[in-house]
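Tertiary structure, described
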Amino acid sequence: MTGLRYVYAVCRPFGTPLQAELTGIGGAPPALLHHHGLVAVVSTVPEADFSEEALKAHLEDLDWLSAAARAHEGVVDALTTVTTPLPLRLATVFRDDSAVRTMIEAREDHFRSLLDRLHDRVEWGVKVYLEAGPAESADTAQAPAPARPASGRDYLRRRRESSHAQEEKWQRAERFAHGLHECLAERAEEFRLHPAQNPALSGTRGQNVLNAAYLVSRKHSEEFVELVDRTKDEAAGIRVELTGPWAAYSFTGEAKS
């Protein structure tokens, strides 16, 4: 079967071996391709799945795409434990090792500059959601059904009151998220503010108020995590989620997926 070279990431040479059982796309183990003092982390993938035409079809298949993204991120996550990788885009493939070396030479200065800037740093993700607090949810569940409006005017009054209450909750959540972001940004070296997630697409409960990524040195990561953890129960009806540590996807110019 004809194979192509799939590239997960580029990094500097490292001495700690990757886990022996680590596998990537299609179950193939990753290998290290050294060139010009840099390392491309690669594996062989079937051309039947990764040719231009095949990829067009696969990228419409959410199950295939999800499995490929998990395998890709699994290799990058493993690299993050031993070095500072620069993850490449999902489904970055080349004809052979020679083509991978040509890519490294073409982007060598860019790779070295990024590796210098991101050395020994990781990405942490922080999201803030507005949701019903436990007490509010319990009150809603136990409360009797509201009486039918006596008139159209009564109906409009109730709608205005409900809209006003929701607006107050949203403003409170925005103030909380702004304060948290300001605090975290002071302790991070860089940050990125991403668009709010659509709950219908993400499947996550609540309204996303803050969706941010922070670049933090490894030695300060424990302090950063503790700071986020201290905010998680500060405000009823507001949920804070922390993810990471990741490779610095948001700070390399390469899309995560």
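Residues numbered from 1 in each chain as written. Predicted model: local features only at pLDDT ≥ 70, side-chain atom pairs only at ≥ 80, totals over all residues. Heavy atoms only, no water.

Our focus in this paragraph is the overall build of the chain. The helix and strand tally for the chain stands at nine helices and nine strands. Within the chain, contacts between residues separated by at least 24 positions form 78% of all contacts whose residues are at least 6 apart in sequence. Carbon and sulfur atoms provide 51% of the accessible area of the chain, an area that totals close to 14,500 Å². (Helix = DSSP H or I, 4+ residues; strand = E, 2+ residues; numbered from the N terminus. Contact = heavy atoms within 4.5 Å. Areas by Shrake-Rupley, 256 points an atom, 1.4 Å probe, with all protein chains shown as cover.)

A few words now on the packing of aromatic side chains. Tallied over the entire structure, the rule returns four aromatic pairs. Between Y6 and F50, the aromatic rings sit 5.7 Å apart at their centres with planes inclined by 80°, giving edge-to-face as the arrangement. Here the residue Y6 occupies a position in strand β1 (residues 3–11), and F50 occupies one in helix α1 (residues 47–50), the gap between them amounting to 44 residues. Grouping residues by exposure puts Y6 and F50 together as buried. Here the aromatic rings of F50 and W64 are separated by 5.5 Å at their centres, their planes lie at 55°, and the arrangement is tilted. Here F50 is found in helix α1, whereas its partner W64 is found in helix α3 (residues 62–80), with 14 residues between them in sequence. Clustering of aromatic rings is evident, with ring pairs tying together Y6, Y8, F50 and W64. The ring of Y129 carries the charged tip of R239 above its face, separated from the ring centre by 4.3 Å. (Phe/Tyr/Trp six-rings, centres within 6.5 Å; stacked < 30°, edge-to-face > 60°. Buried < 20%, exposed > 50% of the residue type's maximum accessible area, 1.4 Å probe, protein only. Lys NZ or Arg CZ within 6 Å of the ring centre and 35° of its normal.)

Taken together, four strands build an open sheet; the order of strands is β7-β8-β6-β9 and the sheet is antiparallel. The open sheet terminates on both sides in strands that have one partner only, identified here as β7 (190–193) and β9 (238–246). Across the sheet, the mean angle separating the axes of adjacent strands is 20° when strand polarity is ignored. Two elements, β7 and strand β8 (residues 207–217), share four bridges in a ladder whose sense is antiparallel. (Pairing = 2+ DSSP bridges. Axes fitted to C-alpha atoms, helices over the stretch in contact; angles between N-to-C directions.)

So, on to the pairing of β1. Within β1, eight of the nine residues are buried, leaving the element largely enclosed by the surrounding structure. Examined bridge by bridge, β1 and strand β3 (residues 38–46) share eight bridges and lie antiparallel to one another. In the strand pairing of β3, Y6 is matched with S43. Taken together, the two bridges between β1 and strand β5 (residues 93–94) define a ladder with antiparallel strand orientation. Paired with Y6 across the bridge in β5 is V93. Sheet topology note: the β1/strand β4 (residues 86–87) ladder contains two bridges and is antiparallel. Pairing of A9 across the sheet is with P87, part of β4.

For α3, built from 19 residues, the straight-helix expectation of 27 Å at 1.5 Å per residue is met to within 8% by its first-to-last C-alpha distance of 26 Å. Within α3 the residues assigned to the buried category are W64, A68, A69, A71, H72, E73, V75, V76, A78, L79 and T80. Where α3 begins, the side chain of D61 points an oxygen toward the backbone nitrogen of D63, at a separation of 3.1 Å. (Expected span 1.5 Å × (residues − 1). Polar contact = N/O pair within 3.5 Å; in protein donor to acceptor, adjacent residues only side chain to side chain.)

It is worth spelling out the pattern of salt bridges at this point. Any two side chains of opposite charge can pair, on the condition that their charged atoms come close. Scanning the model with the defined rule gives 14 salt bridges in all. The partner of E131 in a salt bridge is R239, with the nearest N and O atoms 2.7 Å apart. Of this pair, E131 sits in the loop between β6 (121–130) and α6 (134–142) while R239 sits in strand β9; the two residues are 108 residues apart in sequence, bridging distant segments of the chain. For R239, a relative accessible area of 10% puts it in the buried group. With a closest N to O distance of 3.4 Å, D229 and K232 form a salt bridge. Residue classification places D229 among the partly exposed residues on the basis of a relative accessible area of 39%. Exposure remark for K232: the relative accessible area of 32% places this residue in the partly exposed category. Through salt bridges with shared partners, one network takes in E131, R205, R239 and E241. (Salt bridge = Lys/Arg side-chain N within 4 Å of Asp/Glu carboxyl O.)

For E234, the position within the fold is in the loop between α9 (221–231) and β9. E234 sits in the exposed class, given a relative accessible area of 55%. Sequence spacing of E234 and F176 is 58 residues, and the spatial spacing of their C-alpha atoms is 9.2 Å.

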